[in-house]
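Here are the chains, one letter per residue:
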Amino acid sequence: MARILEFEKVSKRFGGLLATNEVSFHVDEGEIVFLIGPNGAGKTTVFNLITGYVKPDSGKVRFAGQDITGIEPYQATRLGIGRTFQVVQPLPSLTVRENVMLGTFLHNASRAEAAARADEVLRFMGLEARANQLASGLPLAQRKLLEVARAIGTGARLLLLDEVMAGLNPREGEEVVALIKRLPEFGITSVGGVEHIMRIVMSLASRVVVLDQGKKIAEGPPAEVVHDPKVVEAYLGSKFMAGAAR
Amino acid sequence: MRLLRKQWATAVFFLFLLTFPLWMHDGYILQLVFRVLVFAVLGIAWNFIGGYAGQLSLGHVAYFGIGAYAMTLSTEHLHWNPWLGVILGGILSMVGALIIGSITFRLRGPYFTLSTIAAAEILRVLVQNQDQLTHGAVGTNAPLLFQPPNLDAKFLWGAIPLLAAVMGLAAWIHVSRFGYRLRAIRENEDTAMAVGVNPAREKLAALLPSALFSALAGSLYASSFSFVGPDTVLNIDISVQAALIAMLGGAATVWGPVLGSVVLTLTSEIFKTYFEHTHLVIYGLLLILVVLFIPGGLVSLFEGRRKFRREAGPIGSVQG
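Reading guide: rules and limits
Residues numbered from 1 in each chain as written. Chains lettered and ligands numbered in written order. Predicted model: local features only at pLDDT ≥ 70, side-chain atom pairs only at ≥ 80, totals over all residues. Helix = DSSP H or I, 4+ residues; strand = E, 2+ residues; numbered from the N terminus. Rg over C-alpha atoms; globule rule 2.2 N^0.38 Å. Buried ≥ 20, exposed ≤ 12 C-beta atoms within 10 Å, placed from the backbone. Contact = placed C-beta atoms within 7 Å. Pairing = 2+ DSSP bridges. Axes fitted to C-alpha atoms, helices over the stretch in contact; angles between N-to-C directions. Parallel < 35°, antiparallel > 145°, perpendicular 65-115°, else oblique. Nonpolar A, V, L, I, M, F, W, Y, C, P; charged D, E, K, R; others polar. Expected span 1.5 Å × (residues − 1). Left-handed = near helix turned anticlockwise from the far one by under 90°. pLDDT = per-residue confidence, 0-100.

*Asks:* Is there a simple way to explain the overall build of chain B in this structure?
*Replies:* The helix and strand inventory of chain B stands at 16 helices and 2 strands. Relative to a compact globule of 320 residues, whose C-alpha radius of gyration would be 20 Å, chain B shows 19 Å and is just as compact. With respect to the principal axes defined by its C-alpha atoms, chain B has extents near 60 × 50 × 40 Å. Relative to its 320 residues, chain B shows a buried fraction of 45%.

Next comes the structure, spelled out in structure tokens:
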């Protein structure tokens, strides 16, 4: 199976903090890979390193075989990497449709075509009723969906979802899970996610990469990874490890 | 429907302007309207970068001054036709924009604003100190672009096509992909990049026409006064006015700066007559009041129900 994303021994230091320490992982075409780990493990930094918002100190990032290490964020988008932000960043003075049009404008120069494509994405995300509303007026759950819609609109092949489920109630979460499974309809063959809600990770991920304090400590199918002693330790501390061994 | 009404309003507005000098023969009034138009052009040009892209430039007098001085000096030293000098000013202003833009756009927020002021001040000091070439601080006569008689009417007519051109460009930017990208940059550069926008490139692309129209306005303005000097066409007051006019009338709108220029130019004319030096205080107060109470600018008063309509209706959709 073709590698769509390769992250090879990438390190990034912020002052005294080694945010990412020689982390390697990959995403194959058709896979949904989740990064998990405690707060501050470096998950969002990994996404920022892939999309060029943060430049690596060492290591290589490849997308569809092409070296994209240290690329500019807008170039990453143009190559086909879409992303959402952990802290939602809609463009408040634009309408919901116009927000998504910014994505669809990437491959449609005409306003009418961009709007038509945006409407398709909005229907898919269940936001069509909100199309003419200002983005600033949306409740959080829908702003998260809008964030995803905008990324889909760019025509991405790989979508990086940074804590899309956080702050959603369980029912909304289920709806988003269903949508993520249908992303191939929009040409998005592979997904990278950062998520805390294990139930979501278990039901979506084909593979899980566990980070702790900037280092990769485990990798594999979700059902196996959650029983890995190192993962349990990272999440719960060594005290519980002793308990688990007993 | 709404679009049709707008087109009618535009047609009536320009028809009124074109016929105005036919029945109004008071030179003072014609000069006043001319100034309203020139500053409307400057406000719209400023809006490209300051309103749509949200980059608060306070250095636009640099381009205004380049236009005025290029026309004057090429006529004086190279004996060019002044109209050729106007074209030279337009070209030089864009070269200047590329240089100034590629430096100042590295900075964000207040640092960007300060750097634009600095760029314009550097130009002013340079002009002031080149006595041989520019006549220094004293200034010099600017050539006439039109010949008497009826100079006031001719200058007014000369400003109309310029205003029409810059408004046409603004109307295009308002609905085009380019305009949306500029607005994305204004709202959030990180998000803009996440939809494939290269902020540095788009900002420069907006600054070029902004500088061009500022320079053309500067040439016309200087010629109408037959004078250029560092304290007139390179005065920071003009930068402030460009920004004020756009924000007062409505940033990132097509008609806002026109309205802003009418209000600001006329009120400052009145205040200048009655309170010679305090008129600047009144500028400041006016701006504070607008920012506090009508952040969308004066133009938003005419579109009072716009927000509601936006939620319910076709504005912002394909049909609108």
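*Asks:* Before we go on, may I ask you to explain the overall build of chain A in this structure?
*Replies:* A tally of helices and strands in chain A yields 10 helices and 10 strands. Dimensions of chain A, computed from the C-alpha atoms along their principal axes, are close to 60 × 40 × 35 Å. Counting only residues that meet the buried cut, chain A has 46% of its 246 residues in that class. Residue pairs in contact within chain A that sit at least 24 positions apart in sequence constitute 64% of those at least 6 positions apart.

*Asks:* Help me understand the sheet that holds strand β2 (residues 17–28) of chain A in this model?
*Replies:* Backbone-to-backbone hydrogen bonds join strands into a sheet, with any given pair of strands oriented parallel or antiparallel. Residues and elements named next belong to chain A. The 4 strands lie next to each other as β2-β1-β4-β5, forming an open sheet whose pairing is antiparallel. Taken across any chain shown, the strands that pair with only one partner, and hence form the sheet edges, are β2 and β5 (66–67). Sitting on the sheet, helix α1 (residues 43–51) is in contact with β1 (3–14), β2 and β4 (58–63), with an inclination near 115 degrees to β1.

*Asks:* Where do I start with the pairing of strand β10 (residues 215–220) of chain A in this structure?
*Replies:* Side-chain direction in a regular strand flips from residue to residue, so the side chains alternate between the two faces of the sheet. All names here are of chain A. Sheet topology note: the strand β9 (residues 207–212)/β10 ladder contains 5 bridges and is antiparallel. Each residue of the ladder has a partner; that of Val-209, found in β10, is Glu-219. Hairpin connection, β9 to β10: the antiparallel pair is bridged by 2 residues, and Gln-213 has positive phi, about 50 degrees.

*Asks:* How should I be thinking about the environment of A:Gly167 in this particular structure?
*Replies:* With respect to the helices and strands, the residue A:Gly167 is situated in the loop between β7 (158–162) and α6 (170–181). Accessibility expressed as a C-beta count within 10 Å gives 13 for A:Gly167, which makes it partly exposed.

*Asks:* Could you clarify how one ought to interpret the interface of chain A and chain B in this entry?
*Replies:* Interface size is commonly expressed as the accessible surface area that is lost when the partners come together. With 29 residues of chain A at the contact, the number on the chain B side is 22 residues. Broken down by secondary-structure element, the contributors of at least two residues to the side of chain A that touches chain B are α2 (73–79), α3 (96–104) and α4 (111–125) of chain A. The dominant element in the side of chain A that touches chain B, judged by the number of residues it contributes, is α3(A), at 5 residues.

*Asks:* Can you help me understand the packing of helix α7 (residues 151–175) of chain B against helix α10 (residues 199–225) of chain B in this one?
*Replies:* Two quantities define a packed helix pair, namely the angle between the helix axes and the distance between the axes. All names here are of chain B. The interhelical angle for the contact between α7 and α10, taken along N-to-C directions, is 170 degrees, at an axis separation of 11 Å. Between α7 and α10, the angle falls in the class roughly antiparallel. On α10, the residues touching Phe-155, Gly-158, Ala-159, Leu-162, Val-166 and Leu-169 of α7 are Pro-209, Phe-213, Leu-216, Ala-217, Leu-220 and Ser-224. A class-by-class count of the residues in the contact of α7 with α10 yields 10 nonpolar, 2 polar and no charged.

*Asks:* What should I look at first to understand the environment of B:Ala159 in this one?
*Replies:* All names here are of chain B. Here Ala-159 shows up in helix α7. Ala-159 sits 68 residues away from Phe-227 along the chain, and the two C-alpha atoms are 18 Å apart. Apart from residues no more than four positions distant in its own chain, Ala-159 is found in contact with Phe-34, Leu-37, Val-38 and Leu-220.

*Asks:* Mind showing me how you'd approach helix α13 (residues 256–274) of chain B here?
*Replies:* Think of an α-helix as turning once every 3.6 residues; residues three or four places apart then point the same way. Residue and element names in this part refer to chain B. Compared with an ideal rise of 1.5 Å per residue, which puts 19 residues at 27 Å, α13 spans 27 Å between its outermost C-alpha atoms and is within 8% of the ideal. Taken together, the buried positions of α13 are Gly-256, Pro-257, Val-258, Leu-259, Gly-260, Ser-261, Leu-264 and Thr-265. In this fold, the buried residues of α13 make contact with α2 (27–52), α12 (236–249) and α15 (299–302).

*Asks:* Explain the sheet that holds strand β3 (residues 32–36) of chain A to me, please; I cannot follow it from the model alone.
*Replies:* All names here are of chain A. Taken together, 6 strands build an open sheet; the order of strands is β6-β7-β8-β3-β9-β10 and the sheet is mixed. Looking along the sheet, the strands with just one partner apiece sit at the ends: β6 (81–83) and β10. Averaged over all adjacent pairs, the angle separating strand axes in this sheet is 20 degrees, with direction ignored. In this sheet, β7 lies alongside β6 in parallel orientation, the contact comprising 3 bridges. Opposite Ile-81, over in β7, you have Leu-158 as the bridge partner. Strands in contact with α1 are β3, β6, β7, β8 (190–194) and β9; relative to β7, the strand with the most contacts, it is inclined by about 150 degrees.

*Asks:* What's the story with the packing of helix α8 (residues 177–187) of chain B against α10(B) in this structure? I'm lost.
*Replies:* Residue and element names in this part refer to chain B. It is at 10 Å that the axes of α8 and α10 come closest, and there the two elements cross at 120 degrees. Considering their axes alone, α8 and α10 lie oblique with respect to each other. At the point where α8 passes α10, the crossing takes the left-handed sense. Here Arg-181, Leu-182 and Ile-185 of α8 come into contact with α10, specifically with Pro-199, Glu-202, Lys-203 and Ala-206. Classifying every residue of the contact of α8 with α10 gives 4 nonpolar, no polar and 3 charged.

*Asks:* Can you help me understand unusual backbone geometry in this one?
*Replies:* Trans is the common state for peptide bonds, and a negative phi is the common state for residues other than glycine. Residue and element names in this part refer to chain B. Cis geometry is found at the peptide bond from Pro-148 to Pro-149, where omega equals 5 degrees. We note that His-135 has phi near 70 degrees; this positive angle belongs to a residue other than glycine. One can find His-135 in the loop between α6 (131–134) and β1 (140–141).

*Asks:* What is the right way to look at the confidence of the model for chain B in this model?
*Replies:* In low-pLDDT segments, the atomic positions of the prediction should not be examined closely. Residue and element names in this part refer to chain B. Confidence along chain B averages 89 in pLDDT terms, with 93% of residues attaining 70 or more. When the criterion is pLDDT under 50, residues 305–320 qualifies, and its contacts beyond four places in sequence or with other chains add up to 21 contacts. Both confidence scores are given for the complex: pTM 0.89, ipTM 0.90.

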